[in-house]
Amino acid sequence: MAKSQESINLIDIFSEFKDLKSIDRQTFINVLEDSFRNVIAKMYGTDANYDVIINPDKGDLEIYRNRLVMEDGDVANPDTQVELSEARAIDPEIEIGEDFTDKVEFASFGRRMILNLRQTLASKILELQKENLYLKYSDMLGQVVSGELYQVWKKEMLLLDEDGNELYLPKQNQIPTDYYRKGDTVRAVVVQVDNKNLNPKIILSRTSPLFLQRLFEQEVPEVHDGLIAIKNIARIPGERAKVSVESFDERIDPVGACVGIKGARIHGIVRELRNENIDVINYTANTQLYIQRALAPAKISSMNINEEEKKAEVYLQPDEVSLAIGKGGYNIRLASMLTGYQIDVYREMADQDLEDIYLDEFNDEIDQWVLDAFKAVGLDTAKAVLNTGKQELLKRTDLEEETIDEVLRVLATEFES
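Residue numbers here run from 1 along each chain, matching the order of that chain's written sequence. Only residues with pLDDT of at least 70 are given local features in this predicted model, and only at 80 or more are side-chain atom pairs given and counted; all residues enter the totals for whole chains, interfaces and linings. As a rule here, side-chain values come from all non-hydrogen atoms in the structure, and water together with hydrogens is ignored.

**Some points on the sheet that holds strand 8 (residues 185-194)**
Judged by pairing direction, the barrel is mixed, and its 5 strands sit side by side in the order 5-6-7-9-8 before closing back on the first. Direction aside, the axes of adjacent strands within the sheet are offset by 55° on average. DSSP-based pairing: two strands are paired if at least 2 bridges between them are found. Note on conventions: DSSP H or I runs of at least 4 residues are helices, E runs of at least 2 residues are strands, and numbering of each starts at the N terminus. With 5 bridges joining them, strand 6 (residues 156-160) and strand 7 (residues 166-170) adopt antiparallel strand pairing. Within strand 7, the position partnered with Leu159 by the bridge is Leu167. In this analysis, two residues are considered to be in contact whenever any of their non-hydrogen atoms come within 4.5 Å of each other. Axis definition: a line fitted to C-alpha atoms, limited for helices to the stretch in contact. Angles are taken between N-to-C directions and run from 0 to 180 degrees. Against the sheet, helix 5 (residues 209-219) makes contact with strand 5 (144-152), strand 8 and strand 9 (201-205), and its axis sits at roughly 125° relative to strand 8, the strand it touches most.

And the structure:
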């Protein structure tokens, strides 16, 4: 009866943990043995003279106690020593000084110790799971993972991977146009793995440039194989991105390979990024040519580069300025991010506009940040601002009406004089 009860208790305990996928078999057996030894040590004061043999698949456990055979009446510690008469009742041929081994029934531990064993085991298994999760995702930093959307909160989304582990996608790491429902599969790159208070937290991102790079590696075999290198990436998530690429094989056109026939390769990336427009350009170590390519489709007339301050003054025909700046200023912002240079765009004056004045000439009367606001929307000369009109200036800049009135007054006064 005791044997039956023992098996039932063991099977109950093993069944709670035997299907753990994140812990290998040998580690699981070691944890089981340590847990049983903890219980033995609490019951008998030590576990040094005990052997624990476990078969978790069958729910089998055998515990053996090793004791030294002593003369009757000379036993000082019944847990490490046994009288000769007691030992010979089981093994008639045993002699004094020899080791005597007998089996300890698990049922003799009692209900309280069995409960303690279950709690100890659960605690050790949880610690192992957390450690394994942290190590697993620490090795996956920078890799793309998939998770099923489980819950959406105000500041983040909770995803579950194939093993049920929790992954977090913060709001600031989501593309603004992302929309998912519970149960949807979400792809993102692992950007951070925290282990505060031994509680791993895996942070994902869909806005990181690294996510875009990994998508290129998945979609473009030449990038995956290292024949084409991605040199720089600049992104405004969900809106537009610029990627510079370089080929290590002169027979391969890096831009054509990344885009694919009729855009077949890049279309999959664009869809994943919620129709984010992606410009792929050829990388070059020639700074002037690199900036020129980064500002495409605008055609540059001339350029002055300050290498020390990482600044570039770019001059264009009036009808090219809006192309260089782009919708919402995205093109010039991305070009600056991609090249690492602060790019200022200037309208190249025709002969009839020689009497025009660049806005920077007014920085002694108008704050520079105000002048920069006009330049950001392609208005870099006094006449360009005056000819645009007050209402249009209010729409295109974030400046207050009083500020625009003052700027118009200063500029108009200059030409009147």
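**As for the nonpolar core**
Within the largest apolar cluster, 25 residues are counted, with the highest numbers of intra-cluster contacts made by Leu212, Phe216, Val243, Val245, Leu273, Ile278 and Val280. Contributing elements (two or more residues each) for this core: helix 5, strand 10 (228-236), strand 11 (240-247), helix 7 (254-259), helix 8 (264-272) and strand 12 (277-282). The leading source of residues in this core is helix 5, at 4 residues. By convention a nonpolar core is built from buried Ala, Val, Leu, Ile, Met, Phe, Trp, Tyr and Cys residues, the set being connected through side-chain atoms within 4.5 Å. Only protein chains enter the accessibility calculation, which uses a 1.4 Å probe; a residue whose area is less than 20% of its type maximum is buried, one above 50% is exposed, and one in between is partly exposed. Counting residues in hydrophobic clusters, the runner-up holds 23 residues, among them Ile236, Tyr290, Ile291 and Ile332.

**A closer look at the packing of helix 10 (residues 318-325) against helix 11 (residues 330-339)**
Viewed as axis vectors pointing N to C, helix 10 and helix 11 meet at an angle of 65°, and their least axial separation amounts to 5 Å. Looking at the two axes, helix 10 sits roughly perpendicular to helix 11. Contact with helix 10, carried on its side by Leu323, Ala324 and Ile325, involves Tyr330, Asn331 and Ile332 of helix 11 and no other residues of that element. Basically, the charged four are Asp, Glu, Lys and Arg, the nonpolar ten are Ala, Val, Leu, Ile, Met, Phe, Trp, Tyr, Cys and Pro, and anything else, Gly included, counts as polar. In terms of residue class, the contact of helix 10 with helix 11 is made up of 5 nonpolar, 1 polar and no charged. Note on angle classes: values under 35 degrees are labelled roughly parallel, values over 145 roughly antiparallel, values of 65 to 115 roughly perpendicular, and the remainder oblique.

**Points about the environment of Thr185**
Of note, Thr185 is situated in strand 8. Considered as a pair, Thr185 and Ser146 are 39 residues apart in the sequence and their alpha carbons are 6.5 Å apart. The residues contacting Thr185, other than those within four sequence positions of it, are Ser146, Gly147 and Tyr180.

**A few points about unusual backbone geometry**
The omega torsion of the bond from Ala296 to Pro297 falls at 15°, within 30 degrees of zero and hence cis. Its identity is not glycine, yet Leu198 carries a phi of approximately 60°, on the positive side. Here Asn275, not a glycine, exhibits a phi torsion of approximately 65°, which is positive. Turning to its location among the elements, Asn275 is positioned in the loop between helix 8 and strand 12. For Asn275, a relative accessible area of 56% translates into the label exposed.

**Describing the sheet that holds strand 10**
Within a sheet, adjacent strands bond to each other through the backbone by hydrogen bonds, running parallel or antiparallel. Sheet architecture is open: 3 strands sit in the order 10-11-12, paired in mixed fashion. With one partner strand each, in any of the chains shown, strand 10 and strand 12 form the two edges of the open sheet. Here the strands of the sheet are splayed against their neighbours by 20° on average, with no regard to which way each runs. With 8 bridges connecting them, strand 10 and strand 11 associate as antiparallel partners. Within the sheet, the bridge partner assigned to Asn232 lies in strand 11 and is Ser244. Contacting strand 10, strand 11 and strand 12, helix 11 crosses the sheet at an angle of about 135° to strand 10.

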